[in-house]
Amino acid sequence: MTEPHSKVKSHNQEIKRNLAIAIADRFRNDCLVHELFKNADIKMAPWISERSNNYKLVKYKGQPYWTKAAIEHYRSNGIKGLRHEHAVPRKLIVKLLEESDKSQEVIFSILDNLVHAVIVTKEEASLLDKYWKSQMPIDIKITNDVNVIFARYKKVNIGVYFLQNGNPKDIKELKSLKPII
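Each value, and the rule that gives it
- Residues numbered from 1 in each chain as written.
- Predicted model: local features only at pLDDT ≥ 70, side-chain atom pairs only at ≥ 80, totals over all residues.
- Heavy atoms only, no water.
- Helix = DSSP H or I, 4+ residues; strand = E, 2+ residues; numbered from the N terminus.
- Expected span 1.5 Å × (residues − 1).
- Buried < 20%, exposed > 50% of the residue type's maximum accessible area, 1.4 Å probe, protein only.
- Arc of directions from axis to C-beta.
- Phe/Tyr/Trp six-rings, centres within 6.5 Å; stacked < 30°, edge-to-face > 60°.

**A few points about helix H1 (residues 13-26)**
Phase 1 of the analysis: For H1, spanning 14 residues, the distance from its first C-alpha to its last is 20 Å, which sits close to the expected 20 Å at 1.5 Å a residue.
Phase 2 of the analysis: Of all the residues in H1, the buried ones are Ile15, Lys16, Leu19, Ala20, Ile23 and Ala24. The buried side chains of H1 occupy one side of the element, clustering within an arc of 165° when seen end-on.

In structure tokens:
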């Protein structure tokens, strides 16, 4: 059984730490990289940091946050019809990264606390997009509080579940799952 928790758990801290180092290095005063390329790194950070610690792409199976409908869909139909959503819209993460002091610590904190994927059904993705596509219903801050990270989901009544190994087929009883939000 999955225990509810109040803090979002990062499942790929090593890659987020390495990405923070790379971005911070690009923004050092003595770095000869053109500004355009420095900002390109920031814009790609939310996607890159969702890979697994061994740098493999983990778009669906392997992501720890799922909705119940997505779990049920995956168990019977596979990934077709599912969507990989950012809990906090990518646009907001990029804005925080761009406005930050570009230090390794701050970049890592933003990535580790705010970049989390949620696997949803196509219908749930449409509902989120209808009301909260690139914004949050509350002010975003650097935190790992589930009430902030998953505020869009809470606002449209979509429960989010934590799967320890990110594999919905390993869950024996769906009834035993408890939403974290």
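Having seen it, we continue.
**Side note on the packing of aromatic side chains**
Phase 1 of the analysis: Applying the stated rule across the entire model yields four aromatic pairs.
Phase 2 of the analysis: Between Tyr65 and Phe162 the ring centres are 5.4 Å apart and the planes differ by 55°, which places this aromatic pair in the tilted class. Placement of the pair is Tyr65 in strand E1 (residues 65-67) and Phe162 in strand E4 (residues 160-162), with a sequence separation of 97 residues.
Phase 3 of the analysis: Taking relative accessible area as the criterion, Phe162 reaches 6% and is therefore assigned buried.
Phase 4 of the analysis: Their ring planes at 70° and their centres at 5.5 Å tell us that Trp66 and Tyr74 sit as a pair that is edge-to-face.
Phase 5 of the analysis: Note on Trp66: relative accessible area 0%, which makes it buried.

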